[in-house]
Amino acid sequence: MSPGILLHGVVLSGTGGIWRVRAQDGAEHEVSLRGRLKQSERFEKLAVGDDVDLAEDTRGGAWRITSIHPRRTQLARRAPGGARGERIVVANVDQVVIVFAIAKPEPHVRMIDRFLVIAEGNEIPARLVLNKVELATDAAVVDALAVDYERAGYPVHRTSVKRPTGLDALRAVLVNRTTALTGPSGVGKSSLINALYPGLNLRVGEISESVNKGRHTTVGAVLVPLPGGGYVVDTPGLREVGMWGLPSADLDRCFPEFRPVLGECRFQDCRHVSEPDCAVRVGVERADISSARYESYVKLCAELTEEEKRF
Ligand SMILES: Nc1nc2c(ncn2[C@@H]2O[C@H](COP(=O)(O)OP(=O)(O)O)[C@@H](O)[C@H]2O)c(=O)[nH]1
Ligand SMILES: [Mg+2]
Ligand SMILES: [Zn+2]
């Protein structure tokens with residue numbers, strides 16, 4: 001038997017055993033798994049974003065997945081209260097890009113911080129896009145919105161689609177990477193993608209905003225190849241990943257600006273809420289740590305603690 005041609009590819013989409021894979025030559029194939037893999041545990045875990053090897057069936061023109069490469073990262077939706085029942089929403093995301101707007105709609109910092117925690121909890125680098133900057137009366141207004149995130153170590157792109165600003169720099173960080181683009185409705189995600197890649201009709205974040213609203217079924221993530229190389233994840237949104245399963249005790253480490261002082265609280269298991277001699281709260285008092293970010297921490301911590309009580 002001839003071994004047939006082998007190709008390397010990336011899973012773009014798929015459910016129910018049929019997967020759409022983009023080979024490195026750009027051709028897309030609808031494929032299923034080889035019997036051997038199908039029976040293995042890894043079949044259960046094949047996800048959009050996975051790097052796979054493809055082989056051409058010796059009998060027909062069909063392509064099959066023969067192996068799955070180890071993952072660089074995964075965005076997992078964990079079962080509440082434990083590690084079991086984890087479902088991988090998308091594999092090999094290199095970065096999370098969170099879009100918000102200077103106005104229209106007003107920035108919702110709590111939601112931004114929640115997205116950042118999800119990225120940190122999954123150990124995926126994050127950056128922010130502050131869009132609609134032409135609506136600001138002066139640069140100080142923009143800087144005031146960016147500063148908390150920049151001080152926490154996140155790159156912030158200042159962009160405008162209306163008066164083209166920052167678009168080349170944003171496109172440059174998307175090249176050859178797999179990016180999960182997210183953010184509230186109306187901030188300009190679709191406009192940005194269309195400005196960066198005219199003609200690429202992406203529904204970024206729109207599944208959760210419309211189709212999937214109020215449903216229990218999940219629409220899977222889809223990778224969209226970018227003209228310059230790389231992928232953007234067209235996803236129901238990070239909201240569907242959620243923080244489920246993140247232990248409340250690990251939340252502090254998801255705020256990078258807290259990390260330098262985390263060993264300095266009086267209690268080793270300090271939650272930084274009401275404990276005495278808390279180094280995080282001292283940091284907030286001294287304005288080394290942003291009080292808005294700290295407030296997000298307290299809110300999210302309460303949410304996770306509540307969840308832990310329920311399970
Ligand atoms: N003023 C201004 N409006 C923008 C900008 N980018 C997008 N918009 C507008 O914001 C609204 C929502 O944009 P859209 O791309 O649909 O947002 P999405 O929901 O995040 O995909 C539309 O009316 C856009 O024209 C911008 O840079 N400046
Ligand atoms: Mg949109
Ligand atoms: Zn503390």
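Counting restarts for each chain, with residues numbered from 1 along the sequence as it is written. Chain A is the first chain written and ligand 1 is the first ligand written, with later ones labelled in order. Owing to the predicted nature of the model, reporting of local features is limited to residues with pLDDT of at least 70; listing and counting of side-chain atom pairs is limited to 80 or more, with chain, interface and lining totals taken over all residues.

**What to know about the overall build of the chain**
Under the scheme used here, helices are H or I runs from DSSP no shorter than 4 residues and strands are E runs no shorter than 2 residues, and both carry numbers assigned from the N terminus. Assigned secondary structure in the chain consists of nine helices and 13 strands. Using C-beta atoms placed from the backbone, we call a residue buried if 20 or more other C-beta atoms fall within 10 Å of its own, exposed if 12 or fewer do, and partly exposed for counts in between. Counting all 311 residues of the chain, 35% fall into the buried class. For the chain, long-range pairs separated by at least 24 residues make up 65% of all intrachain contacts whose partners lie at least 6 apart in sequence. A residue pair is marked as a contact if its C-beta atoms, positioned from the backbone, fall within 7 Å.

**A word on the sheet that holds strand β9 (residues 126-131)**
Strand order in this open sheet of six strands is β10-β9-β8-β11-β13-β12, and the pairing throughout is mixed. The open sheet has two edge strands, β10 (156-158) and β12 (222-225), and neither has a second partner. Sheet twist, expressed as the mean angle between neighbouring strand axes with direction ignored, is 30°. For two strands to be treated as a pair, DSSP must find at least two bridges joining them. By the bridge criterion, four bridges tie strand β8 (residues 95-101) to strand β11 (residues 178-182) in an arrangement that is parallel. Along β11, the bridge assignment pairs I98 with T182. To get an axis, a line is fitted to the C-alpha atoms, and for a helix only the part in contact is used. The angle between two axes follows their N-to-C directions and goes from 0 to 180 degrees.

**Some details on helix α9 (residues 291-310)**
Residues lying three or four places apart along an α-helix face the same way, a consequence of the helix completing one turn every 3.6 residues. Helix span, as expected, comes to 1.5 Å for every residue beyond the first. For α9, built from 20 residues, the straight-helix expectation of 28 Å at 1.5 Å per residue is met to within 8% by its first-to-last C-alpha distance of 29 Å. Within α9 the residues assigned to the buried category are R293, Y294, S296, Y297, L300 and L304. Taken down its axis, α9 places every buried residue within 150° of arc, on the same side. Residues of α9 that are exposed and angled more than 90 degrees away from the buried face: S291, E306, K309 and R310. Lining the buried residues of α9 we find α3 (109-121), α4 (139-151) and α8 (279-285). Note: the arc covers the axis-to-C-beta directions of the helix.

**Here we look at the site of ligand 1**
The environment of ligand 1 is made up of 14 residues, and the closest members are V161, G188, K189, S190 and S191. Looking at the shell around ligand 1, its residues break down into three nonpolar, seven polar and four charged. Whether a residue is near a molecule or strand depends on its C-beta atom, placed from the backbone, lying within 6 Å of it. Gly is put with the polar residues, along with every residue not named as nonpolar or charged; the nonpolar set is Ala, Val, Leu, Ile, Met, Phe, Trp, Tyr, Cys and Pro, and the charged set is Asp, Glu, Lys and Arg.

**Thoughts on α4**
End to end, α4 covers 17 Å across 13 residues, agreeing with the expected 18 Å (1.5 Å per residue, within 8%). The principal kink in α4, of about 35°, is found at L145. Within the sequence span of α4, burial applies to L145, D148 and Y149. At the exit of α4 stands G153, carrying a positive phi of roughly 105°. Note on bend: the value at a residue is the angle between axes fitted to the seven residues ending there and to the seven starting there.

**Looking at the environment of N92**
Here N92 is to be found in the loop between β7 (87-91) and β8. Along the primary structure N92 and T73 are separated by 19 residues, whereas in three dimensions their C-alpha atoms are 4.6 Å apart. If near-sequence neighbours (up to four positions away) are discounted, N92 is found in contact with G49, D50, D51, R71, R72, T73 and T178.

**Points about unusual backbone geometry**
Residue P105 is reached from K104 by a cis peptide bond, and omega for that bond is 5°. Of note, the phi angle at K132 is positive, near 65°, even though the residue is not glycine. Residue placement: K132 occurs in the loop between β9 and α4. Even without being a glycine, H272 presents a positive backbone phi close to 65°. Relative to the assigned elements, H272 resides in the loop between β13 (231-234) and α8.

**A look at the environment of T159**
By the element assignment, T159 lies in the loop between β10 and α5 (167-174). Under the C-beta neighbour-count criterion, T159 is labelled buried, with 26 such atoms within 10 Å. Leaving out residues up to four positions away in the same chain, T159 has contacts with V129, L130, N131, V133, T165, G166, L167, L170 and L192.

**Here we look at the packing of α3 against α9**
Following both chains from N to C, one finds α3 and α9 inclined at 70°, their axes separated by 10 Å at the closest point. Relative to α9, α3 is oriented roughly perpendicular. The element α3 and its partner α9 pack so that their crossing is right-handed. Side by side, α3 and α9 meet where V109, R110, D113, R114 and V117 of the first sit next to A292, R293, S296, K299 and L300 of the second. Here is the rule for angles: anything less than 35 degrees is roughly parallel, anything more than 145 is roughly antiparallel, 65 through 115 is roughly perpendicular, and the remaining ranges are oblique. By definition, turning the near helix anticlockwise from the far helix through less than a right angle yields a left-handed crossing, and turning it clockwise yields a right-handed one.

**Let's talk about the environment of L128**
By the element assignment, L128 lies in strand β9. Using a count of 24 C-beta atoms within 10 Å as the deciding quantity, one classes L128 as buried. The spatial distance from the C-alpha of L128 to the C-alpha of G183 is 9.5 Å, given a sequence separation of 55 residues. Once residues lying within four places of it in the same chain are set aside, the contact partners of L128 are I98, F100, Y149, Y154, V156 and H157.

**Remarks on the confidence of the model for the chain**
Confidence per residue, as judged by the predictor, is encoded in pLDDT with a range of 0 to 100. Taken over all residues, the pLDDT of the chain has a mean of 86, while the share at 70 or more is 83%. Within the model, pLDDT remains below 50 along residues 207-218, and this stretch shows 13 contacts once partners closer than five positions in the same chain are excluded.

**Looking at the pairing of strand β4 (residues 51-56)**
Two faces make up the sheet, and in a regular strand the side chains alternate between them. Pairing geometry for β4 and strand β5 (residues 63-68), over five bridges, is antiparallel. Along β5, the bridge assignment pairs E56 with W63. Between the end of β4 and the start of β5, which pair antiparallel, lie six residues.

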